[in-house]
Structures are given as structure tokens and as C-alpha cells.
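The chain contents come next:
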Amino acid sequence: MTIVSADERRQRVVDILGLPERGSLPVLDRIARIARRMFDVPSSAVTVFDADRVFIPGGSGDLPESIPREHTFCQHVLDTSGPVTTSDATCDPRFRDLPAVRADPAIRFYLGYPLTEPGGTVIGAFCVFDTRTREFDAAQVAEFSDLAAWAQRELLAEAESGRARAAQTALLPDRPLRIGDWSVTGRCAAALNVGGDYFDYGADGHVLHAGLADVMGKGTAAALLGSSVHGALRGAIQSVTEGMDLGRYLQRAETQLADELDRSGAFVTVFQLSADTRTHRLRYADAGFGLALLLRATGERERLTGDDPPLGLRRRERREHQVEFLPGDRLVCVSDGVLDLVENPVRWPEAVESLVRPSTDAEAIDTILDLATERPPLDDVTVIIVQRHP
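We now turn to the structure provided with this report. (Residues numbered from 1 in each chain as written. Predicted model: local features only at pLDDT ≥ 70, side-chain atom pairs only at ≥ 80, totals over all residues. Heavy atoms only, no water.)

## Describing the sheet that holds strand E5 (residues 109-116)
Reading across the sheet, the six strands line up as E3-E2-E1-E6-E5-E4 and stay open at both edges, with antiparallel pairing between neighbours. Unpaired on one side and paired on the other, strand E3 (66-68) and strand E4 (84-86) mark the two borders of the sheet. Averaged over neighbouring strand pairs, the angle between their axes works out to 20 degrees when direction is ignored. For E4 and E5, the ladder comprises three bridges, and the chain directions are antiparallel. (Pairing = 2+ DSSP bridges. Helix = DSSP H or I, 4+ residues; strand = E, 2+ residues; numbered from the N terminus. Axes fitted to C-alpha atoms, helices over the stretch in contact; angles between N-to-C directions.)

## Observations regarding the pairing of strand E8 (residues 182-189)
The pairing of strand E7 (residues 177-179) with E8 spans three bridges and is classified as antiparallel. Across the sheet, the residue bridging to Leu 177 is Val 184, located in E8. Hairpin connection from E7 to E8: two residues lie between these consecutive antiparallel strands, with Gly 180 at a positive phi of about 60 degrees. For E8 and strand E17 (residues 381-388), the ladder comprises eight bridges, and the chain directions are antiparallel.

## Structural notes on the pattern of salt bridges
For the structure on display, the rule yields 22 salt bridges. Where Asp 7 meets Arg 69, a salt bridge forms, and the shortest distance between an N and an O atom there is 3.2 Å. Separated by 62 residues along the polypeptide, Asp 7 in helix H1 (residues 6-17) and Arg 69 in the loop between E3 and helix H3 (75-80) bring together distant segments of the chain. For the salt bridge of Asp 130 with Arg 132, the shortest nitrogen-to-oxygen distance reads 2.9 Å. A residue is classified by how much of its surface remains accessible, and Asp 130, at 2% relative accessible area, is buried. Take Arg 132: its relative accessible area is 39%, and that puts it in the partly exposed class. The structure contains a network of salt bridges with shared partners spanning Arg 301, Arg 347, Glu 350, Glu 353 and Arg 357. (Salt bridge = Lys/Arg side-chain N within 4 Å of Asp/Glu carboxyl O. Buried < 20%, exposed > 50% of the residue type's maximum accessible area, 1.4 Å probe, protein only.)

## Some remarks on unusual backbone geometry
Note: most peptide bonds trans; most residues except glycine with negative phi. Cis rather than trans, the peptide bond between Asp 104 and Pro 105 has omega equal to 5 degrees. On the secondary structure map, Pro 105 appears in the loop between helix H4 (99-102) and E5. You will see that Asp 40, though not glycine, has its phi angle at about 50 degrees, which is positive. Here Asp 40 is to be found in the loop between helix H2 (26-39) and strand E1 (43-49). Backbone geometry places His 280, a non-glycine residue, at a positive phi of 60 degrees. You can call His 280 buried: its relative accessible area is 19%.

## Overview of the nonpolar core
Leu 233, Tyr 249, Phe 271, Leu 273, Leu 331 and Val 386 are the most contacted members of the largest nonpolar core, which has 69 residues in total. Apart from the residues lying within four places of it in its own chain, the contact partners of Tyr 249 are Leu 233, Arg 234, Ala 236, Ile 237, Val 240, Met 244 and Gln 272. Among the nonpolar cores identified, the runner-up in size contains 28 residues, and Leu 19, Ile 34, Phe 55 and Phe 136 belong to it. (Core = buried A, V, L, I, M, F, W, Y, C linked by side-chain atoms within 4.5 Å. Contact = heavy atoms within 4.5 Å.)

## Description of the pairing of strand E2 (residues 53-60)
Within E2, six of the eight residues are buried, which leaves the element mostly enclosed by the surrounding structure. Pairing between E1 and E2: five bridges, direction antiparallel. Following the sheet pairing, Val 46 is matched in E2 by Gly 58. Hairpin connection from E2 to E3: five residues lie between these consecutive antiparallel strands, with Gly 61 at a positive phi of about 115 degrees.

## Describing the side chain of Ser 274
Assignment of secondary structure puts Ser 274 in strand E11 (residues 268-276). Residue Ser 274 is classed as buried on the basis of its relative accessible area of 3%. Ser 274 has contacts with Val 207, Leu 208, His 209, Val 240, Leu 246, Arg 281, Leu 282 and Arg 283, leaving out every residue within four places of it along the chain.

## Comments concerning the state of the cysteines
Put plainly, a disulfide is one covalent bond tying together the sulfur atoms of two cysteines. According to the stated counting rule, one finds zero disulfides in the structure shown. Distance from the sulfur of Cys 333, which forms no disulfide, to the nearest cysteine sulfur (Cys 188) is 12 Å. (Disulfide = S-S within 2.5 Å.)

## Structural notes on helix H8 (residues 246-264)
Turn by turn, an α-helix covers 3.6 residues, leaving residues three or four places apart pointing in a common direction. For H8, which comprises 19 residues, the first-to-last C-alpha distance of 25 Å matches the rise-based estimate of 27 Å (1.5 Å per residue) to within 8%. Where H8 bends most, at Leu 257, the angle is about 60 degrees. By the burial criterion, the buried members of H8 are Leu 246, Gly 247, Tyr 249, Leu 250, Ala 253, Glu 254, Leu 257, Ala 258 and Leu 261. Regarding H8, its N-cap is Asp 245, as a side-chain oxygen of that residue lies 2.8 Å from the backbone nitrogen of Gly 247 further along. In the segment just after H8, Gly 265 is the residue with positive phi, at about 70 degrees. (Expected span 1.5 Å × (residues − 1). Bend = angle between axes of the 7 residues up to and from the residue. Polar contact = N/O pair within 3.5 Å; in protein donor to acceptor, adjacent residues only side chain to side chain.)

## Here we look at the packing of aromatic side chains
Each aromatic ring pair is described using two quantities: the centre-to-centre distance and the angle formed by the ring planes. For the structure shown, the criterion picks out 14 aromatic pairs. On the numbers, 5.0 Å between centres and 35 degrees between planes, the contact of Phe 109 with Phe 136 is tilted. You can see Phe 109 sitting in strand E5 and its partner Phe 136 sitting in the loop between strand E6 (122-130) and helix H5 (138-170), a full 27 residues away along the chain. Among the residues examined, Phe 109 registers a relative accessible area of 2% and is labelled buried. On the accessibility criterion, Phe 136 (14% relative accessible area) is buried. Geometry around Phe 109 places Arg 134 over its ring, the cationic atom sitting 5.8 Å from the centre. (Phe/Tyr/Trp six-rings, centres within 6.5 Å; stacked < 30°, edge-to-face > 60°. Lys NZ or Arg CZ within 6 Å of the ring centre and 35° of its normal.)

Have a look at this one:
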């Protein structure tokens, strides 16, 4: 059995939370603001350790983004694994040489509570600072410990969501695919930490396949069902590359998912394609998706749609369609979260075309996902672009 050190556990938390690049977390900022007001202190912070530094994913007051661990009050929480306090740090041999204590004005009062993971490893601290000498009475200490417990719950919940996000991301393609003069690339941005969008692409010999599925809803419930959708669609993809009719392929996936869809009352929209890169024949099936756009090299625009319902909504035979794919043509498939990003959702084809036409595939996807950052969507945003290069 591999033994993981405490510092390695702490580093995992830092990595999962995406510190320091991700910046502060709103819920932890809120807890720190509450502590600052309740106890009338200049600053309050939620800190997280790695081997060498202390990061601050939540805080209120004049605080750095990170600081060397040996320069912090919080390092002593690691030494004791219990609450640490000092009424006057300038006279306390543990703290008097710290840069913050030697500064002007000096930090004199500190109270820090350890934040631990389920295995008991201290991963950070919840703390308050003051430039005045202070003593907390029993009631204040009890109130502070309640806030520390809240901060720990939120920090662990965020870390768990991060693990779920990493697990879901690991199911998706992590790089563009090129086969002959064809290419496909895609990316997904969840509205929450995890989401119900799923996309996939790959190639077997001269046959390329790509698909996008959107589970009704968002968040953890949609992500769990999305994992099942991923398994059902991925499990039968070999049959697609061997020539299976795409309508039959979606029927097979729906049959496999029937019990889960019935119990959850959910449905899944799917767009699936397969392309023979030698004959340049593109086959597709659309189960209630309706957001695929073929941008012709000639400047024309076509919507690729079908009238089949989503999986789980109404079971019936599903049909495959075919379209000619010429040099310079591009197929853009987006999930309905993109509709939240455009000024007029009814005219989404024009909006998507205006973003994609002037750009490379990667640039176009970056632009669309940047919009999701500027104007957070109500639903997950996923984009796939398939191109036959001239």
C-alpha cells in the first residue's frame, strides 16, 4: 500500500481547488466577511497549505494571494493540530519574528482553528487577525468555532466538487483529432462544477465519429446520468465505425438507459455523426438536439436536424440522415447553453456562424467559451467543430 504524506494530501487539495489561479471562492469570502464583522477585526481568512506556501481561497481585509508557509501564523496549527491563539504576538516567541508582526502596524492578536480533511490531516486554518491586543471570551470562542466548522464544510464540499469535475473531465477528449484532411475538436464548460453535457470523438481506421449529448438539467444529478449516457454511447461506438445505422445505434443506447431514464424522469438529447474519410460521406442522427450547423465553404449555411424525440421522452425508431461534406465545409454542434449567450436565441444560427466563420476551430471555441465566462449561462455550454480541410 502506498503511504501518502500529509503534505501530498494538502497539495492535492490545492490542485483540486485550482489555487492560486482560480482565486477566491465566494462562499469562503462570505464566511470571512461575517467573522470580520462579528469580531470587529481588520482581517479574516480561510487558508489552505501545501508543502511550502499558504493560499487564501477566502478572506476579508488586506490579504495576500499566498505567502510562504514559514512566514505565517497558521503554520503553528499544523504543529498542534488544534486551535492556536496569541493575545500579543509581539511578545510571543512563536510569532514575534514573523514579517507581519515586525511590520507597522504589527499584527498582535491571532486566533486560528485547524481545518481537516475526513482522514484527519490538517489542510488549512480559519483565522482572524487584529493590530490590537485582544482576548476572546468563551462565548466568542464558541461562535468562532462554529464559523470554522462552516468554513471546513464548504472547503471540503468545494474540494469534492473539484474531484467530481476532474473525474468528469477525464471522460472527455483532451486534444483535437486529425485524420487525413478531416479534423474534429471540442470543449465543454459546465454551468456548475459538474454538468450534464457529454461529448466524444475518435477514429477507427478511415472512419471518424463524433457526438454530443445533453442530459436534462445540470449539476450533480445530470452529471451522474451523463456518466451512464457516456458509457452507453461509448460502449456501442465500435458498431458505428463498422457501419451500423446511427438510428439503430441511438435506439440501442436508449434501451440500455431505459431504467435509469424512467426512474429519474429525465431525457437526453443527442447528435451523433460518423464520417468515412475516404468517400467523404457524413451520416448523422438527431434525437431532439436540433443545434447542429453546417457551414459550407461556399458561404451557405444549413441546419442539420431530425424530427426524432430525445432519448427517454418517447421511444420509437430513429433515423439516420446523410449529407455531402465538401472541402472547406465545417460542422458546428453546440449544446443549448449557447442559447443563453446570444442576444436573440431564435437567431442562434447567425450568431454562431458570425463567431465561427472568421476563426480557426480552436479560436472559435475559445470565443464561445469566453462568452460563457462573461455572461454565465443557465446551462452547460459545449461546442464541437468538425472540418474537412481544403
